[in-house]
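Observations on chain architecture
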Amino acid sequence: MSFNTFGHLFRVTTFGESHGPAIGCVVDGCPPRIALSEADIQPYLDRRRPGQSRFTTQRQEPDAVRILSGVFTDAATGQQVTTGTPIALVIDNVDPRGKDYAEIADKYRPGHADYTYDIKYGLRDYRGGGRQSARETAMRVAAGAIARKIVPGMSVRGALIQMGPHRIDRARWDWAEVERNPFFCPDADKAAFFADYLDGVRKGGSSIGAIIEIVAEGVPAGLGAPIYGKLDADLAGALMSINAVKGVEIGAGFAAAELSGEANADEMRMGNDGRPRFLANNAGGILGGISTGQPVVARFGVKPTSSIPTSRRTVDRYGRETEISTTGRHDPRVGIRAVPVGEAMVACVLADHYLRQRGQVGEPPDWPFSPPAR
Ligand SMILES: Cc1cc2nc3c(=O)[nH]c(=O)nc-3n(C[C@H](O)[C@H](O)[C@H](O)COP(=O)(O)O)c2cc1C
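The following refers to the structure shown. Since we're looking at a predicted model, the values are computed, not measured.

A few points about the site of the ligand
Around the ligand sit 16 residues in total, of which Gln 132, Ala 244, Lys 303, Ser 307 and Asp 331 are the nearest. At a separation of 2.9 Å, an oxygen atom of the ligand approaches a polar backbone atom of Gln 132. Between an oxygen atom of the ligand and a main-chain N or O atom of Ala 244, the distance comes to 2.9 Å. For the ligand, whose free accessible area comes to 620 Å², the fraction covered by protein is 86%. Class assignment for the residues of the shell around the ligand results in five nonpolar, seven polar and four charged.

Describing the sheet that holds strand S1 (residues 5-6)
A sheet is described by the order of its strands in space; here five strands give the open sequence S1-S2-S3-S7-S4, paired in antiparallel fashion. The strands lining the two open edges of the sheet, one partner per strand, are S1 and strand S4 (65-67). Of the strand pairs in this sheet, S4 and strand S7 (residues 87-92) are connected by three bridges, and their pairing is antiparallel. From the neighbouring strand, Arg 66 faces S7, where its bridge partner is Val 90. In the packing of helix H1 (residues 38-48) onto the sheet, contacts are made with S4 and S7, and the angle to S4 comes to roughly 155°.

A closer look at the layout of surface pockets
The volume enclosed by the second largest pocket comes to roughly 710 Å³. Around the second largest pocket, the lining is made up of 22 residues, and of these Pro 220, Ala 221, Gly 222, Arg 275 and Pro 364 lie nearest the centre. Of all the elements in the fold, those that place two or more residues in the lining of the second largest pocket are strand S13 (276-278) and helix H8 (334-360). It is H8 that provides the largest number of residues to the lining of the second largest pocket, a total of three residues.

A closer look at the pairing of strand S2 (residues 11-16)
By the alternation rule, side chains of S2 split into Val 12, Thr 14 and Gly 16, which are all buried, and Arg 11, Thr 13 and Phe 15, of which none is buried. Across two bridges, S1 lies against S2 in antiparallel orientation. In the strand pairing of S2, Thr 5 is matched with Thr 13. In this structure, the hairpin formed by S1 and S2 is closed by a connection of four residues, where Gly 7 is found at a positive phi of approximately 95°. Across six bridges, the pairing between S2 and strand S3 (residues 22-28) is antiparallel. The partner of Thr 13 across the bridge, within S3, is Val 26.

Notes on the nonpolar core
In terms of nonpolar packing, the biggest core is built from 77 residues, with Phe 10, Ile 41, Leu 89, Ile 146, Met 163, Phe 183 and Phe 300 touching the most fellow members. Considering each element in turn, this core owes the most residues, 14 residues, to H8. If we skip the residues at most four places from it in the chain, Leu 89 touches Ile 23, Gly 24, Cys 25, Ile 41, Val 65, Arg 66, Ile 67, Met 139, Ala 142, Ala 143 and Ile 146.

Description of the packing of helix H3 (residues 137-147) against H8
Close contact between H3 and H8 brings their axes to 8 Å; oriented N to C, the two are set at 45°. Between H3 and H8, the angle is such that the two are oblique. In this structure, the crossing between H3 and H8 has a hand that is left-handed. Listed contacts from H8 to Thr 137, Arg 140, Val 141, Ala 143, Gly 144 and Ala 147 of H3 are Pro 340, Val 341, Ala 344, Met 345, Ala 347, Cys 348 and Ala 351.

Considerations on the pattern of salt bridges
Following the criterion strictly, the structure yields 31 salt bridges and no others. Asp 234 is paired through a salt bridge with Arg 356; the nearest N and O atoms lie 3.5 Å apart. With Asp 234 in helix H6 (residues 231-240) and Arg 356 in helix H8, this residue pair connects regions lying 122 residues apart in the sequence. Several salt bridges share partner residues, and in doing so they unite Arg 109, Asp 114, Asp 118, Arg 124 and Arg 317 into one network.

The rules behind each value
- Residues numbered from 1 in each chain as written.
- Predicted model: local features only at pLDDT ≥ 70, side-chain atom pairs only at ≥ 80, totals over all residues.
- Heavy atoms only, no water.
- Near = heavy atom within 4 Å.
- Polar contact = N/O pair within 3.5 Å; in protein donor to acceptor, adjacent residues only side chain to side chain.
- Areas by Shrake-Rupley, 256 points an atom, 1.4 Å probe, with all protein chains shown as cover.
- Nonpolar A, V, L, I, M, F, W, Y, C, P; charged D, E, K, R; others polar.
- Pairing = 2+ DSSP bridges.
- Helix = DSSP H or I, 4+ residues; strand = E, 2+ residues; numbered from the N terminus.
- Contact = heavy atoms within 4.5 Å.
- Axes fitted to C-alpha atoms, helices over the stretch in contact; angles between N-to-C directions.
- 1 Å grid on protein atoms, 1.4 Å probe; cavity = no way out; pocket = protein on both sides within 12 Å on 5 of 7 lines; lining within 4 Å.
- Points joined across faces, edges and corners; volume = space filled by probe spheres on them.
- Buried < 20%, exposed > 50% of the residue type's maximum accessible area, 1.4 Å probe, protein only.
- Core = buried A, V, L, I, M, F, W, Y, C linked by side-chain atoms within 4.5 Å.
- Parallel < 35°, antiparallel > 145°, perpendicular 65-115°, else oblique.
- Left-handed = near helix turned anticlockwise from the far one by under 90°.
- Salt bridge = Lys/Arg side-chain N within 4 Å of Asp/Glu carboxyl O.

See below:
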């Protein structure tokens, strides 16, 4: 398999399978002299870790990350910092259970990637889905923790805003609430509702999809590389690369098609800080593929888990019609653990574009420009 790398100057390569001895990544292009230890990365992995509530997979993986290279303790400060060389990170797989997957060794799960891996490669690692497993996304989260340190003053936060047909009440949005419930949901009332709702879905042997919103604040204006490296295009690609993601929106997204020109265009005024002030953010912080300095807002839709106990019609790899019902340890609602993964992908793309902007343009121009002398 090729294409296990993304990013240009901040470049991430991941490796490993669900049931191999370990998963890992190499982060190349990280600038030197940035303080970095495992303690900077682990909290983000802990948010994504499986087995933390009855609403996610019961696989027990501590996801303890080790930094193998790319750091050095600076004698002057006594602090461990990046050296500018490749940073290799590794996480041991400690709770694989290959026997859970006997059922899918020959049969294709409808909605999963079993058939497509087989038809492409002629074989597949069915233990936990091998490389198609979202176990790989732990390494994206680890890389994202490093990316967050690159853009000064930037914060990237995510929240689950819809589960099945049930949307949060945006008037009740509270970022603190996201860390208090097992759904990363910013609406406390809806989080309470989701607990019962999901218990019902699970008892019915089914699963359900979700929508996640990512908000990046403190993103400098000017990031993005038109025409073929637009910031929104790269964000869409990065989010779409997450397992089970079937749709991405930036800003008003598909709803912009229903708006009039005057309602959609984010009007501008001058702010007290001498920078433009936008009166709305339908653009999601990106115009012409370049960041405006407003929050960058992206949403992505995650499909329901395809590994469900309810029996479904399928075929096996020998061309025989059959049925399959998937038991074993699966994420009944993959949208929940996709929240930290989405944050990480956005952080990686923004770090990459920050370094690209620094490389090509350097210091931003003095704005506002002086009017021409008449
Ligand atoms: C965090 C996360 C956890 C996931 N866990 C499972 C799982 O336990 N069982 C499953 O069938 N799919 C799970 N998925 C989804 C599959 O990995 C994905 O549907 C599959 O690789 C096919 O790819 P596609 O849906 O992008 O086409 C998970 C996805 C994410 C983002």
